[in-house]
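Each chain, letter by letter, is given below.
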Amino acid sequence: LDTDGRLWTTGYNNHGQLGLGNNKNKKTFTRVDDSDIGRGVKDVDCGMGHTVIVDSQDNLRVTGNNEYGELGLGNKKNKNTFTRVNLESNIKVNKIACGSKYTIIQTNNNNVYVTGKNREGELGLGDTADRNKFTINNNLSENDIIVNKISCGFQHTIISYNIHKVVATGKNDKGQLGLGNNKNKNTFTRVIIDAD
């Protein structure tokens, strides 16, 4: 993403994750046509075979692998051009994060939406069922929760919110959630951090 909001992509493109309208790999950075994404890009994040952007109008656009519904389009069809996700009217996207075959966003009304692979509970919805469209996470969509940062790993998610508060969900076999144990979680669980 350059200083003028233009998007450039390179590398592996087997699922169309570069958003160039084809599935050909690229060895040099290639500019994505503005007509595909509007007048510019505010933010970009890459997952495992998919790419998510926020365009100049704060709309969500997605491309690439959609095997588990990680694009949030309501189906499992791959895309090779950036496709706008139809969210509720007047919803704009503030934050985006891509994990391994899943995506999490926060909208302008402080709601958190999740989609994609959920085999380890990485979506934090209280189950391990995959989703193919953006689903509100009611545990994180309360008026008093202001998300600062969303970070998605291989099969786990960490979110910081308000001031110095952290929650985690997903795979925890190596203790990656920081909860003091090796038990997976399928709901966002408060992480206690000793500040000393």
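This one's a predicted model, so the numbers in the text were calculated from it and none came from an experiment.

Turning to the overall build of the protein, a few remarks are in order. Each helix and strand in the protein was counted, giving one helix and 14 strands. Taking 2.2 N^0.38 as the reference for a compact globule, 196 residues should give roughly 16 Å; the C-alpha atoms of the protein span a radius of gyration of 17 Å, in line with that estimate. Each principal axis of the C-alpha distribution contributes one length, and for the protein these read about 45 × 35 × 30 Å. The buried share of the protein, reckoned over its 196 residues, is 43%.

Quick look at unusual backbone geometry now. Here the phi dihedral of Lys101 falls at roughly 70°; this positive angle occurs in a residue that is not glycine. Checked against the element boundaries, Lys101 lands in the loop between β7 (93-98) and β8 (102-107). Residue Asn162 is not a glycine yet carries a positive backbone phi of 45°. As for its placement among the helices and strands, Asn162 is situated in the loop between β12 (156-161) and β13 (165-170).

Cut-off values and rules
- Residues numbered from 1 in each chain as written.
- Predicted model: local features only at pLDDT ≥ 70, side-chain atom pairs only at ≥ 80, totals over all residues.
- Heavy atoms only, no water.
- Helix = DSSP H or I, 4+ residues; strand = E, 2+ residues; numbered from the N terminus.
- Rg over C-alpha atoms; globule rule 2.2 N^0.38 Å.
- Buried < 20%, exposed > 50% of the residue type's maximum accessible area, 1.4 Å probe, protein only.

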